[in-house]
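A look at the structure
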Amino acid sequence: MKYEVEYLDRETLQALQLERLRKIAAHAYARVPHYREVFEDLGAQPEDLKSLHDLTGIPVTDKETLRQHYPYGMFAVPMAEIKEIHASSGTTGKPTVVAYTHTDLQVWSEVMARSLACCGVTDEDVIQNAYGYGLFTGGLGVHYGALELGAAIVPISAGGTRRQLQLMQDFATTVITCTPSYSIYMAEEARSLGLDPRRSSLRLGILGAEPWSEGMRREIEAAWEMKAYNIYGLSEIIGPGVAQECTGQCGMHLWADHFLPEVVDPETLKPVEEGEDGMLVITTLSKQATPFLRYATKDIVSITHEPCPACGRTSPRISRVKGRTDDMLIIRGVNIFPSQIEGVLTEIEGTEPHYQILVKREGALDSIDVQVEVDERYFSDEIRQLEALERRIRNEIGNVLGIGVGVKLVEPRTIARSEGKAKRVVDTRDM
Ligand code: DLL
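Residues numbered from 1 in each chain as written. Predicted model: local features only at pLDDT ≥ 70, side-chain atom pairs only at ≥ 80, totals over all residues. Heavy atoms only, no water.

Some points on the packing of helix H7 (residues 180-192) against helix H8 (residues 214-224)
- Axis separation between H7 and H8 bottoms out at 10 Å; the angle between their running directions is 35 degrees. In terms of crossing hand, the pair formed by H7 and H8 is left-handed. Two secondary-structure elements touch here, H7 through Pro 180, Ser 183, Ile 184, Met 186, Ala 187 and Arg 191 and H8 through Met 216, Ile 220, Ala 223 and Trp 224.
- Looking at the contact of H7 with H8 residue by residue, the classes come out as eight nonpolar, one polar and one charged. (Axes fitted to C-alpha atoms, helices over the stretch in contact; angles between N-to-C directions. Helix = DSSP H or I, 4+ residues; strand = E, 2+ residues; numbered from the N terminus. Left-handed = near helix turned anticlockwise from the far one by under 90°. Contact = heavy atoms within 4.5 Å. Nonpolar A, V, L, I, M, F, W, Y, C, P; charged D, E, K, R; others polar.)

Right, here's the structure in full:
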């Protein structure tokens, strides 16, 4: 299926974005007291948005704004028009609540269908949807997209790994949708049951909802002998289906006719140059129930507007999420993203893709210990081999981060597995 809007020239796309922006800003202003206040404080009206650039004068909305208006304060339509409510639980405080009208659900179905189609899913596929159904948006988002595309969907939700594997065989599933860490866990469980995941019927996975590296992609593609594609989204914007890799695996196409992206310096909130890393800020251009102007995602990405060399789509592409502004660890003055550590670990032979980063404070000094599982064979080998591996990991992480870290090699299957978002960092500094 081809969606023409993904191939618009930049001028036409911008004209469409501006038209939608003016409408959504007027809607938010008329219906959401918070946004009325925002405009009043600026002494401005939504009609003053004469260009996309004018948007940058509006302060960002973030999780905190949503929490302050918990639960329904950011809704822009009466309850009779609300058809679905989701919430995402952060690590602290109240959950953030988002809602959908009937039209919003149609948009969600469309952008998710576009995401599935973008990496080659068709109505011939059987999709095993192992994202959680519930207040998490992963399950239902993929579900609606599959219905729209006409693919068969198996709404199994997350967890019940043996049953997942059984049904995968029985139903000859061709597409798996789940978090990258869960796909690795499933492969491991398959092997422990004497099954070879490389011989499964899966041809591709649509994986997201948590950060993962190119090294992790290679591990997953090799484990299942399938293609693994990155999908990005967040509850506040719509759920999954904000951006998606095509078969070229060269950045995620962001559906900019519905989501207007900016990439800004997380401190100054000033735009960064195209191609430079910054925080992704998104304005929802069509969402009726909970429209957000300049939502600060906290996700660090870069963006390009160059047409895709692989598929020719002109929609902007964002990079992998390199970290979150609130994931960044500052250890002895050095900024560290967990993804940097994963990048090193997946390059080193002998380690398994299961690790955890422990952050602790001793006296006035912060330090990190990286625990990583080691291939079974190493544990049966000489101790000297293990020591050499440990040294190598310590050196390579030290080189990348610029500070020394502790490394502890642990036996296979000792680090907790996750069926949803993996917990990579355990920070005991404030405990
Ligand atoms: O995770 C929505 C989703 C479901 C996306 C299924 C993809 C697949 P939240 O629970 O609100 O929504 O979490 C959103 O997860 O701000 C990112 O930090 C992170 N995230 C989502 N996708 C990716 C990805 C869903 N592909 C938060 N890579 C976002 C890295 C991701 N991080």
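Considerations on the pattern of salt bridges
- Under the defined criterion, the tally for this structure stands at 28 salt bridges.
- Of the charged contacts in the structure, one is a salt bridge between Arg 114 and Asp 257, with a shortest N-O distance of 2.9 Å. Here Arg 114 is found in helix H4 (residues 102-118), whereas its partner Asp 257 is found in the loop between strand E9 (252-254) and strand E10 (259-264), with 143 residues between them in sequence. Neither Arg 114 nor Asp 257 differs from the other in exposure class; each is buried.
- Here Lys 322 makes a salt bridge to Asp 277, at a shortest N to O gap of 2.7 Å. Linking Lys 322 in the loop between strand E14 (317-318) and strand E15 (323-324) with Asp 277 in the loop between E10 and strand E11 (278-284), this pair joins segments that are 45 residues apart in sequence.
- Note on Lys 322: relative accessible area 29%, which makes it partly exposed.
- The class of Asp 277 is partly exposed, set by a relative accessible area of 41%. (Salt bridge = Lys/Arg side-chain N within 4 Å of Asp/Glu carboxyl O. Buried < 20%, exposed > 50% of the residue type's maximum accessible area, 1.4 Å probe, protein only.)

Overview of the sheet that holds E10
- Taken together, the four strands give an open sheet; going across it, the order is E10-E11-E12-E15, and neighbouring strands pair in antiparallel fashion. Because the sheet does not close on itself, it has two edges, and the strands there are E10 and E15.
- Where E10 and E11 come together, six bridges link them in antiparallel fashion. When the bridges of E11 are listed, Val 263 appears paired with Leu 280. (Pairing = 2+ DSSP bridges.)

Comments concerning the environment of Met 112
- Examined against the element boundaries, Met 112 turns out to sit in helix H4.
- Discounting chain neighbours no more than four positions away, the residues touching Met 112 are Gly 141, Val 142, Gly 145, Ile 231, Pro 240 and Gly 241.

Concerning the side chain of His 253
- Mapping His 253 onto the fold places it in strand E9.
- Judged by its relative accessible area of 0%, His 253 falls in the buried class.
- Among the polar contacts listed, one links the side chain of His 253 to the side chain of Ser 315, at a separation of 3.2 Å.
- Each residue touching His 253, except ones within four places of it in the same chain, is listed here: Cys 118, Val 242, Ala 243, Gln 244, Glu 245, Cys 246, Cys 308, Cys 311, Arg 313, Ser 315, Pro 316 and Arg 317. (Polar contact = N/O pair within 3.5 Å; in protein donor to acceptor, adjacent residues only side chain to side chain.)

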